[in-house]
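# Structural description and commentary
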Amino acid sequence: MAGKPFVYHVNSRVLKVDGQSATLQSIHGGETKTINADQVVFVSLNKPRDELVSALESASIPYTLVGDVRTPLFLVSAVAQGNEAGRII
């Protein structure tokens, strides 16, 4: 995405993505709009998703917690943690 235009669409719901465009609607409802988009990055609430932790522990599978499951973070920080964990493997 470096060097390409990047636009944030906050408080929006993505209804459809087809590789060339995305159809958005406000989370409050109303009309939809279609924008040119060859890539879509979803960023959601910073709620921890740790449903797999107990299953991994029960199966004695090693794991590393990254991102919001450790602590609510900004996207860049979460990606950096995932990158660091992946490099260790």
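One can find the structure itself at the top, above this paragraph.
Residues numbered from 1 in each chain as written. Predicted model: local features only at pLDDT ≥ 70, side-chain atom pairs only at ≥ 80, totals over all residues. Heavy atoms only, no water.

### Topic: the sheet that holds strand β2 (residues 21–26)
Consider a sheet: its strands pair through backbone hydrogen bonds, and that pairing is either parallel or antiparallel. Strand order in the open sheet formed by 3 strands is β1-β2-β3, and the pairing between neighbours is antiparallel. Edge positions in the sheet fall to β1 (12–17) and β3 (32–36), since each of these pairs with one other strand and no more. With direction set aside, neighbouring strand axes in the sheet form an average angle of 30°. For β1 and β2, the ladder comprises 5 bridges, and the chain directions are antiparallel. In the sheet register, Arg13 faces β2, and the bridge partner there is Gln25. (Pairing = 2+ DSSP bridges. Helix = DSSP H or I, 4+ residues; strand = E, 2+ residues; numbered from the N terminus. Axes fitted to C-alpha atoms, helices over the stretch in contact; angles between N-to-C directions.)

### Quick word on the environment of Glu84
Within the secondary structure, Glu84 is located in helix α2 (residues 75–88). Relative accessible area serves as the criterion here: at 54%, Glu84 is assigned to the exposed category. (Buried < 20%, exposed > 50% of the residue type's maximum accessible area, 1.4 Å probe, protein only.)

### Thoughts on the side chain of Gln81
Counting through the fold element by element, Gln81 comes out in helix α2. In this view, Gln81 contacts Val66, Gly67, Arg70 and Leu73; residues no more than four positions away in its chain are not counted. (Contact = heavy atoms within 4.5 Å.)

### So, the side chain of Gln25
If you trace the backbone, Gln25 turns up in strand β2. Classification of Gln25 as buried rests on a relative accessible area of 18%. Within the structure, Gln25 has its side chain in polar contact with the backbone oxygen of Gly30 (distance 2.6 Å). Setting aside anything within four residues of it in sequence, one finds Gln25 in contact with Asn11, Ser12, Arg13, Leu15, Gly30, Glu31 and Thr32. (Polar contact = N/O pair within 3.5 Å; in protein donor to acceptor, adjacent residues only side chain to side chain.)

### Quick notes on the pairing of β2
Burial analysis of β2 places 5 of its 6 residues in the buried class, which makes it a mostly covered element. Where β1 folds back onto β2 in an antiparallel hairpin, the turn is made up of 3 residues, including Gly19, whose phi is positive at roughly 90°. With 5 bridges joining them, β2 and β3 adopt antiparallel strand pairing. Across the sheet, the residue bridging to Thr23 is Thr34, located in β3. Connecting β2 to the next strand, β3, in antiparallel fashion are 5 residues, including Gly29 with a positive phi near 95°.

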